[in-house]
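Breakdown of the fold
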Amino acid sequence: MMPFDAVVSISGMLVCLVGLAHVVIAYRGTTRSAEPDPERVKRFIESAPPIPGHLLYAHQDRYPEARLSRMEEAEPGEKDRKDHEAPR
């Protein structure tokens, strides 16, 4: 028969191996579930409320030169027009 210390040591090693197996299985499950689902991301973005205007244009209060004049907002520039021909 084995001494009591050997039985305790072997059973402790077995408990650690079983615990390691549980940790590995749990880790695999969490890494798979962390992948983003493209359909859920799309629904989340579409369901988001619009950004309030005071937050959207807050940087323009600090930097007035970044603000477009009404004339620039109304008329698209030459490069922004859609009806121009592509180069050949």
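Each residue is numbered by its place in its chain's sequence as written, counting from 1. The model is predicted, so local features are restricted to residues of pLDDT at least 70 and side-chain atom pairs to those at 80 or more, both for listing and for counting; the totals for chains, interfaces and linings are taken over all residues. Excluding hydrogens and water, the side-chain figures rest on all heavy atoms present in the structure.

1. Section: the overall build of the chain
When you go through the chain residue by residue, the secondary structure sums to five helices and zero strands. Tracing the chain from N to C terminus, the helices and strands come up as α-α-α-α-α. Each residue is placed in one exposure class: buried if its accessible area under a 1.4 Å probe, protein chains only, is under 20% of its type's maximum, exposed if it is over 50%, and partly exposed if it falls in between. Expressed as a percentage of the 88 residues in the chain, the buried residues total 1%. Here the accessible surface of atoms and residues is derived via Shrake-Rupley with a 1.4 Å probe, and residues count as covered only by protein chains that are part of the display. As presented, the chain carries roughly 9,100 Å² of accessible surface, and 63% of it is formed by carbon and sulfur atoms. Under the DSSP-based scheme used, a helix requires at least four consecutive residues in state H or I and a strand at least two consecutive residues in state E, with every element numbered from the N terminus.

2. Remarks on a nonpolar patch on the surface
Two joining distances apply to patches: 9 Å for like charges and 5 Å for nonpolar side chains (Val, Leu, Ile, Met, Phe, Trp, Tyr), and every residue must have over 30% relative accessible area and no salt bridge. Throughout this description, the term salt bridge denotes a Lys or Arg side-chain nitrogen within 4 Å of a carboxyl oxygen of Asp or Glu. A contiguous nonpolar patch, built from Met2, Val7, Ile10, Met13, Leu14, Leu17, Leu20 and Val24 and spanning about 760 Å² of accessible area, is present on the exposed surface. Mapping Leu14 onto the fold places it in helix 1 (residues 4-33).

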